[in-house]
There are 2 protein chains.
Amino acid sequence: MQAKKYNISVEATLEVIGGKWKCVILCHLTHGKKRTSELRRLIPQITQKMLTQQLRELEEDGIINRIVYNQVPPKVEYELSDYGWGLKGILDALCAWGEKHLDKVYGDKYSVLEKSVLNEQLD
Amino acid sequence: MQAKKYNISVEATLEVIGGKWKCVILCHLTHGKKRTSELRRLIPQITQKMLTQQLRELEEDGIINRIVYNQVPPKVEYELSDYGWGLKGILDALCAWGEKHLDKVYGDKYSVLEKSVLNEQLD
DNA sequence: TACTCTAGATACCTTAAGGTGATATAGGCA
DNA sequence: TGCCTATATCACCTTAAGGTATCTAGAGTA
């Protein structure tokens, strides 16, 4: 395989965790193993297709592990792989910056309700 | 203005630095003020339109400052704003992870040439 | 005069990312 | 017998992100 030409290494990172959903999924997984249905509940706007598609790609890149339980109805869990845990610092920083940014941009208009919902989902 | 509903704060961050180019631009700016033409040289694949478009959006979000010199031919420089410097930790981490990832994925096949080009551009 | 150089705008077009809705499993259970 | 469950895949469609080509300004310069 030929190394792809990146002009700057951050492009390699973006290829792995870029896009609309991957960081969101990974942030949730930093709080522990999750079932597919849990992820769908945690990320209401994501569609079934996008969820499994993003999970597949993350799995291919070795960021997450897919754990299949042989039972009916099916049960599948996803967790950060050892390699994926190397992203924890970045993911936490992204979340933290986002919170600060929301405070800055919306200030008081950023309702307490929002925050409680947000924290609930972070736990 | 109504606060947008985010399910998790990382979404707010992605709205500011998401997309194909913004992190790349910002990474370059962490190494100092840059003229438009310098950025275009540093990011050969970006088109004129995308560059100015992304720069405008970053400026609107208060991440970068646009410095216009009143002279002909025009001279415009971009630099991280004080607020933008708050992203330095994240940007550095993204770059660092990307380098490690390239090593892991490509190993020896990831040529020294690539690395030197890469480092050159990081300086 | 004609052409350079830098930064940018704008209209239009292409493509890939993302979304919708239907269908497939395969055992448990009413 | 037929419906439930959770997970996933497929074909198709939409939309927004990104790309191309052409245009501007205004002074220097060959």
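Along each chain, residues carry numbers from 1 onward, in the same order as the chain's sequence is written. Whichever chain is written first becomes A and whichever ligand is written first becomes 1, with later ones labelled in order. It should be noted that, the model being predicted, local features are given only for residues of pLDDT at least 70 and side-chain atom pairs only at 80 or more, the latter also being counted only at that level, while totals for whole chains, interfaces and linings use all residues. Only hydrogens and water are removed before side-chain values are computed, so all heavy atoms of the structure are retained for them.

Under the annotation held in an unreviewed UniProt entry, chain A carries the name Putative HTH-type transcriptional regulator YtcD and is attributed to Pullulanibacillus pueri.

Enquirer: What's the story with the overall build of chain A in this structure? I'm lost.
Expert: Numbering goes from the N terminus for both helices and strands, where a helix is a DSSP run of H or I of at least four residues and a strand is a run of E of at least two. When its secondary structure is counted, chain A shows seven helices and three strands. Across the 123 residues in chain A, those meeting the buried criterion constitute 45%. Residues are treated as being in contact if the distance between any of their heavy atoms lies within 4.5 Å. If you take every contact in chain A between residues at least 6 apart in sequence, the share linking residues at least 24 apart comes to 45%. On chain A, roughly 6400 Å² of surface is accessible, and the fraction owed to carbon and sulfur atoms is 50%. Any residue under 20% of the maximum accessible area for its type is buried, any over 50% is exposed, and the rest in between are partly exposed; the area is computed with a 1.4 Å probe on protein chains only. Note on areas: Shrake-Rupley, 1.4 Å probe, and residue coverage restricted to the protein chains presented here.

Enquirer: Hey, could you run me through the side chain of Glu-11 of chain B in this one?
Expert: Relative to the helices and strands, Glu-11 of chain B resides in helix 1 (residues 10-17). Charge assignment in this entry is limited to Lys and Arg as positive and Asp and Glu as negative, and neither His nor the chain termini are counted. Throughout this description, the term salt bridge denotes a Lys or Arg side-chain nitrogen within 4 Å of a carboxyl oxygen of Asp or Glu. It is Lys-20 of chain A that comes nearest to the buried, bridge-free Glu-11 of chain B among opposite-charge side chains, at 8.7 Å. Setting aside residues no more than four positions away along its own chain, Glu-11 of chain B makes contact with Val-24 of chain A together with Tyr-6 of chain B.

Enquirer: Whenever I open this one, the state of the cysteines confuses me. Can you help?
Expert: Two cysteines, two sulfur atoms, one covalent bond between them: this is a disulfide. Residue and element names in this part refer to chain A. The criterion for a disulfide is a pair of cysteine sulfur atoms lying within 2.5 Å. The tally for this structure, following the rule as stated, stands at zero disulfides over all chains. A disulfide-free cysteine, Cys-23 has its sulfur positioned 6.3 Å from the sulfur of Cys-27, the nearest such atom. As a non-bridged cysteine, Cys-27 has Cys-95 as the owner of its nearest cysteine sulfur, 3.2 Å distant.

Enquirer: What exactly am I supposed to notice about the protein's contact with DNA strand D here?
Expert: It suffices for a single heavy atom of a residue to lie within 4 Å of a molecule or strand for the residue to be listed as near it. Near DNA strand D you find 19 residues, and of these Ser-37, Arg-66 and Tyr-78 of chain A together with Lys-20 and Lys-49 of chain B are the closest. The separation between a sugar or linking oxygen of DNA strand D and a polar side-chain atom of Arg-56 of chain A is 3.4 Å. Polar contact is defined as a pair of N or O atoms within 3.5 Å, subject to the rule that within protein one atom must be able to donate a hydrogen and the other to accept it, and that residues adjacent in sequence are counted only when both atoms are side-chain atoms. In this structure, Lys-20 of chain B approaches DNA strand D through a main-chain N or O atom, which is 2.9 Å from a phosphate oxygen. Put simply, the parts of the chain that give the surface near DNA strand D at least two residues each are helix 3 (36-42), helix 4 (48-60) and strand 3 (75-80) of chain A together with helix 4 (48-60) of chain B. Residue contributions to the surface near DNA strand D peak at four residues, all from helix 4 of chain A. Taken together, the residues of the surface near DNA strand D break down into seven nonpolar, six polar and six charged. Under the scheme applied here, ten amino acids are nonpolar (Ala, Val, Leu, Ile, Met, Phe, Trp, Tyr, Cys and Pro), four are charged (Asp, Glu, Lys and Arg), and all others, including Gly, are polar.

Enquirer: Please clarify how helix 1 (residues 10-17) of chain A should be interpreted in this entry.
Expert: Helical periodicity: at 3.6 residues per turn, an α-helix aligns residues three or four positions apart in one direction. All names here are of chain A. Counted residue by residue, helix 1 has six buried out of eight residues, so it is predominantly covered. Three or more residues of helix 1 are buried, namely Val-10, Glu-11, Ala-12, Thr-13, Val-16 and Ile-17. Within two residues after helix 1, Gly-19 carries a phi angle of roughly 90°, on the positive side.

Enquirer: In this structure, what is going on with the pattern of salt bridges? I would like to understand it.
Expert: Any two side chains of opposite charge can pair, given that their charged atoms come close. All names here are of chain A. Applying the stated criterion across every chain yields a total of six salt bridges over all chains. With a shortest N-O distance of 4.0 Å, Lys-33 and Glu-77 are connected by a salt bridge. Note that Lys-33 is positioned in the loop between helix 2 (22-29) and strand 1 (34-35) and Glu-77 in strand 3, a separation of 44 residues in sequence. A relative accessible area of 42% means that Lys-33 is categorised as partly exposed. A salt bridge links Asp-92 to Lys-88; its shortest N-O distance comes to 2.5 Å. Remark: Lys-88 and Asp-92 occur in helix 6 (residues 88-106); sequence separation between them is four residues, near one turn of the helix. For Asp-92, a relative accessible area of 33% gives the class partly exposed.

Enquirer: Please clarify how the sheet that holds strand 3 of chain A should be interpreted in this entry.
Expert: The strands making up a sheet associate through hydrogen bonds between their backbones, and the pairing can be parallel or antiparallel. Residue and element names in this part refer to chain A. A pair of strands counts as paired when DSSP detects no fewer than two bridges linking them. The strand order across the open sheet formed by three strands is 1-3-2, and the pairing between neighbours is antiparallel. Only two strands of the sheet have a single partner each, and these edge strands are strand 1 and strand 2 (64-69). Examined bridge by bridge, strand 2 and strand 3 share six bridges and lie antiparallel to one another. Each residue of the ladder has a partner; that of Asn-65, found in strand 3, is Glu-79. Lines are fitted to the C-alpha atoms to define the axes, a helix being fitted only along its stretch in contact, and any angle between axes, read from their N-to-C directions, falls within 0 to 180 degrees. Helix 2 contacts strand 1, strand 2 and strand 3 of the sheet and is inclined by roughly 90° relative to strand 3. Of the strands in this sheet, strand 2 and strand 3 touch helix 4, which is tilted by about 115° from strand 2.

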